[in-house]
Amino acid sequence: PSVLRPVAIETPSVTWDQIGGLETIKSILQESVEGALLYPELYRLMRAISPRGILLWGPPGTGKTLLAKAVAAQARANFIAVNGAELLSRWVGASEQAVRDLFTRARQAAPCVIFIDEIDTFVPVRGGYDSDSGVSARVVGQLLTEIDGIQSCDNVLIIAATNRPDMLDPALLRAGRLDLQLKVDLPDLTSRLEILQVHNRDRPLAEDVNLAAWAVRTEGWNGAELALLSNQATLQAIRRYRVQGFTNPTVASIIAADFETAYQSLLER
Ligand code: ATP
């Protein structure tokens, strides 16, 4: 039994249509799910090589975690999320044990997706780490060993995320490890509209709300910020509804002015 906090196992329900934009990445991931989690036997017999590790890289708030969860949901797989900084335990030796435990748990919970967020803090470029490089070299070694040890019949897929791919030990990106690297970029105009539509799909928007115009006005925003704008507008609508003393929630709706107020308050932050 491990002395470490046990990892939490989730079963995400994120569907692909909850993710706006990122069409190419979504279809590449859908195929990877098949190879690693759904039909590994078919792939093995056909001598098809499917990635067992995927690196999602790009600016924050662009949907990397969401994509990893959609992969797990599509395969009805379990999902274990860990954070690179969290894995780098303060106790010497405990990090290696944490890595071993993580992979053991994932095999037991197969089919399973292991999601390692901020993997750059965990697997820094050799020599680029300013604290005890001996410890970090050993945990990196342990992680590489565990990844190399995954068999296709294990039904385990590793997905890692980083904002700083240049900070990663290149050994991690070699064939058979995180050898599928996908850039998750900031959304363009069309993708921003899709993300806004996703987040407002089930909300009562008034006729005067023009999401296409908001997609234009939010150039440079990431998905997380677009989700925030949508929610802030909704909260503003509720405030307005309460102030006006309405009593029938089925008539509540989000109007253009609510988006405007939310937008201004986000700009002031
Ligand atoms: P970080 O690098 O900060 O961990 P991330 O890239 O993993 O960020 P997520 O955690 O996936 O980003 O996104 C945060 C939230 O932003 C999501 O829960 C979702 O509400 C929203 N979001 C981000 N990208 C998208 C997208 N493409 N479509 C819909 N919602 C999105």
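All of the points below concern the structure found in this document. Owing to the predicted nature of the structure, the values given are computational and were not obtained by experimental measurement.

What counts and what doesn't
Residues numbered from 1 in each chain as written. Predicted model: local features only at pLDDT ≥ 70, side-chain atom pairs only at ≥ 80, totals over all residues. Heavy atoms only, no water. Helix = DSSP H or I, 4+ residues; strand = E, 2+ residues; numbered from the N terminus. Expected span 1.5 Å × (residues − 1). Buried < 20%, exposed > 50% of the residue type's maximum accessible area, 1.4 Å probe, protein only. Contact = heavy atoms within 4.5 Å. Near = heavy atom within 4 Å. Polar contact = N/O pair within 3.5 Å; in protein donor to acceptor, adjacent residues only side chain to side chain. Areas by Shrake-Rupley, 256 points an atom, 1.4 Å probe, with all protein chains shown as cover. Pairing = 2+ DSSP bridges. Phe/Tyr/Trp six-rings, centres within 6.5 Å; stacked < 30°, edge-to-face > 60°. Lys NZ or Arg CZ within 6 Å of the ring centre and 35° of its normal. Core = buried A, V, L, I, M, F, W, Y, C linked by side-chain atoms within 4.5 Å.

### Some points on helix α8 (residues 189-200)
Count 3.6 residues to each turn of an α-helix, and residues three or four apart come out pointing the same way. Between the first and last C-alpha of α8 there are 17 Å, a value that for 12 residues agrees with the 16 Å anticipated at 1.5 Å per step. Buried within α8 we find Ser191, Arg192, Ile195, Leu196, Val198 and Asn200. Where the residues of α8 are buried, they touch α9 (211-217), α10 (223-243) and α11 (256-268).

### Side note on the site of the ligand
Residues in close proximity to the ligand total 18 residues, the closest being Gly20, Gly61, Lys64, Thr65 and His199. Between the ligand and the protein, one listed contact pairs an oxygen atom with a backbone N or O atom of Gly61 at 2.9 Å. Residue His199 places a side-chain N or O atom 2.9 Å away from a nitrogen atom belonging to the ligand. Within the complex, 77% of the 630 Å² of free accessible area of the ligand lies under protein.

### Points about the pairing of strand β6 (residues 180-183)
Across the two faces of β6 the burial differs, with Leu180 and Leu182 buried and Gln181 and Lys183 not buried at all. Of the pairings in the sheet, the one linking strand β2 (residues 53-57) to β6 comprises four bridges and is parallel in character. The residue of β6 that forms the bridge with Trp57 is Lys183.

### A word on the packing of aromatic side chains
Across all of its chains, the model carries four aromatic pairs by this definition. Taking 5.9 Å as the distance between ring centres and 35° as the angle between the ring planes, the aromatic pair formed by Trp214 and Phe259 counts as tilted. A residue pair is termed long-range when its members are at least 10 positions apart, and Trp214 in helix α9 and Phe259 in helix α11 qualify at 45 residues. Phe259 matches Trp214 in its accessibility class, with the two residues each being buried. Following the ring pairs from residue to residue traces out a cluster consisting of Trp214, Trp221, Phe259 and Tyr263. Above the face of the Tyr263 ring, Arg217 is positioned so that its terminal group lies 4.5 Å from the ring centre.

### Quick notes on the nonpolar core
Side chains that are nonpolar tend, in soluble globular proteins, to be buried together. Phe103, Ile116, Ile119, Phe122, Val123, Leu143 and Leu172 are the most contacted members of the largest nonpolar core, which totals 30 residues. Within the residue set of this core, elements represented by two or more residues are β3 (78-83), α5 (94-108), β4 (112-117), α6 (119-122), α7 (133-149) and β5 (156-162). In this view, Phe103 contacts Ile114, Leu143, Glu146, Ile147, Ile150 and Ile158; residues no more than four positions away in its chain are not counted.

### A closer look at helix α1 (residues 23-38)
Taking 1.5 Å as the rise per residue, α1 with 16 residues should run 22 Å; its terminal C-alpha atoms sit 21 Å apart, in good agreement. Turning to α1, its buried residues are Ile25, Lys26, Leu29, Ser32, Val33, Gly35, Ala36 and Leu37. In this fold, the buried residues of α1 make contact with α2 (40-45), β2, α3 (64-74), β4, β5 and β6.

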